[in-house]
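Letter by letter, the chains look like this.
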Amino acid sequence: IENICIPAFIAKKSKKEAEIRAFELLDLLGLRERANHKPNQLSGGEQQRIAVARALINNPAIILADEPSGNLDSANAKALHQLFVNLRDNFKQTFVIVTHNEDADYGDVPSISSANYHFKTLGAKNVDTIAHTLLNNCLDEGVDAILPLHNFEMEAVAKAEILFNEFNIEVLLPKADDLHQYLKGSKADNWVVFKNGEVVFITNADESIIAHGNAEQLNGVFYFNRDDENLVLNLITV
């Protein structure tokens, strides 16, 4: 239980207040009987649920989960993702989950959503039909724009831009003919989001980068270095 209470202690909460909340979370997660166990006495799935309780103890509006199921078997991974869905529904909190697990990205893990964003499973990955799969899901969800981030999605969606446009869905990527010049290079400290050449967000304002994006009417999320004008398209490699 001390492990769960640590964030509450850092937030200057009393021991009594922290422990009351910790026991509430242990009850919710079905782990009250493990309150006095050491970490090495818990299974992998139990350890991850304790980590979830620790993340929830201060009632944050957003929970960031970085590879939460990375060390779990498939059964425990699915159970953990279902737990996130249940917690989202019960506490009305947003969960942002980062994973390199292909099954989690495109398998049968439940969809996770918040008030403004919707992350949805697309079934087994098939690079030959990914553009049509994404288009069908865009139509089902009534979205206005799509911003692919996986490397296997980018080229397929860029080539199918005309098809997306026919359904009034904007593709937020460089044109197919220009795409490859932005896929070279490495990540940098600064990044910028363009939509039709206009800056939506930039970490460190740079007039040359802004002018370049405007001139090329760029779409997408790009990394850049301040010592050159090269833009590198942000992508997730799977």
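1. Things to note about the overall build of the protein
Regarding its fold elements, the protein presents nine helices and ten strands. Sorting the 238 residues of the protein into buried and exposed places 37% on the buried side. Long-range pairs, those at least 24 residues apart, make up 54% of the contacts in the protein between residues at least 6 apart in sequence. Per element, the accessible surface of the protein, about 13,800 Å² overall, is 49% carbon and sulfur.

2. Overview of the packing of helix α1 (residues 2-10) against helix α3 (residues 44-56)
Interaxial distance between α1 and α3 falls to 8 Å at its minimum, and their mutual angle equals 20°. Here α1 lies roughly parallel to α3, going by the angle between them. The hand of the α1/α3 crossing is right-handed. Between α1 and α3, the contacting residues are Asn3, Ile4 and Pro7 on the first element and Ile50, Ala53 and Arg54 on the second. A class-by-class count of the residues in the contact of α1 with α3 yields four nonpolar, one polar and one charged.

3. Some points on unusual backbone geometry
The phi angle at Asn59 is positive, at roughly 55°, despite the residue not being glycine. Turning to its location among the elements, Asn59 is positioned in the loop between α3 and β1 (62-66). With a relative accessible area of 47%, Asn59 lands in the partly exposed category. At Asn168, a residue that is not glycine, the phi angle is positive and equals roughly 60°. Classification of Asn168 as exposed rests on a relative accessible area of 65%.

4. A closer look at the sheet that holds strand β8 (residues 198-202)
The pairing of strands in a sheet comes from backbone hydrogen bonds and takes either a parallel or an antiparallel form. Pairing is antiparallel across the open sheet formed by four strands, whose spatial order is β8-β7-β9-β10. Two strands bound the open sheet, and with one partner strand each, they are β8 and β10 (231-233). Each strand of the sheet is rotated relative to its neighbour by a mean of 35°, with strand direction disregarded. Pairing geometry for strand β7 (residues 190-195) and strand β9 (residues 220-224), over five bridges, is antiparallel. In the strand pairing of β9, Phe194 is matched with Gly220. Contacting β7, β8, β9 and β10, helix α9 (residues 207-216) crosses the sheet at an angle of about 30° to β7.

5. Examining the packing of helix α6 (residues 130-141) against helix α7 (residues 151-159)
Two elements in contact, α6 and α7, have axes separated by 8 Å at closest approach and are oriented at 80°. By the angle between their directions, the pair α6 and α7 is classed as roughly perpendicular. Note on element contacts: α7 touches α6 through Phe152, Glu153, Ala156 and Val157, opposite Ile130, Ala131 and Leu134. Counted by class, the contact of α6 with α7 contains six nonpolar, no polar and one charged residues.

6. Details of a nonpolar patch on the surface
On the surface, Ile62, Leu64, Val96 and Val98 cluster together into a nonpolar patch covering about 370 Å² of accessible area. Among the secondary structure elements, those contributing two or more residues to the nonpolar patch are β1 and β2 (94-98). Tracing the sequence through the fold places Leu64 in strand β1.

7. Re α1
Given 3.6 residues per helical turn, the α-helix brings residues three or four places apart onto the same face. Ile4, Cys5 and Ala8 are the residues of α1 that are buried. Viewed end-on, α1 has its buried residues packed into an arc of 85°, placing them on one side of the element. For α1, the exposed residues set more than 90 degrees away from the buried face come down to Glu2 and Ile10. If you follow the buried residues of α1, they end up packed against α2 (15-28) and α3. At the C-terminal side of α1, Lys12 shows a positive phi close to 70°.

Definitions and limits used
Residues numbered from 1 in each chain as written. Predicted model: local features only at pLDDT ≥ 70, side-chain atom pairs only at ≥ 80, totals over all residues. Heavy atoms only, no water. Helix = DSSP H or I, 4+ residues; strand = E, 2+ residues; numbered from the N terminus. Buried < 20%, exposed > 50% of the residue type's maximum accessible area, 1.4 Å probe, protein only. Contact = heavy atoms within 4.5 Å. Areas by Shrake-Rupley, 256 points an atom, 1.4 Å probe, with all protein chains shown as cover. Axes fitted to C-alpha atoms, helices over the stretch in contact; angles between N-to-C directions. Parallel < 35°, antiparallel > 145°, perpendicular 65-115°, else oblique. Left-handed = near helix turned anticlockwise from the far one by under 90°. Nonpolar A, V, L, I, M, F, W, Y, C, P; charged D, E, K, R; others polar. Pairing = 2+ DSSP bridges. Patch = residues over 30% accessible without salt bridge, like charges linked within 9 Å, V, L, I, M, F, W, Y side chains within 5 Å. Salt bridge = Lys/Arg side-chain N within 4 Å of Asp/Glu carboxyl O. Arc of directions from axis to C-beta.

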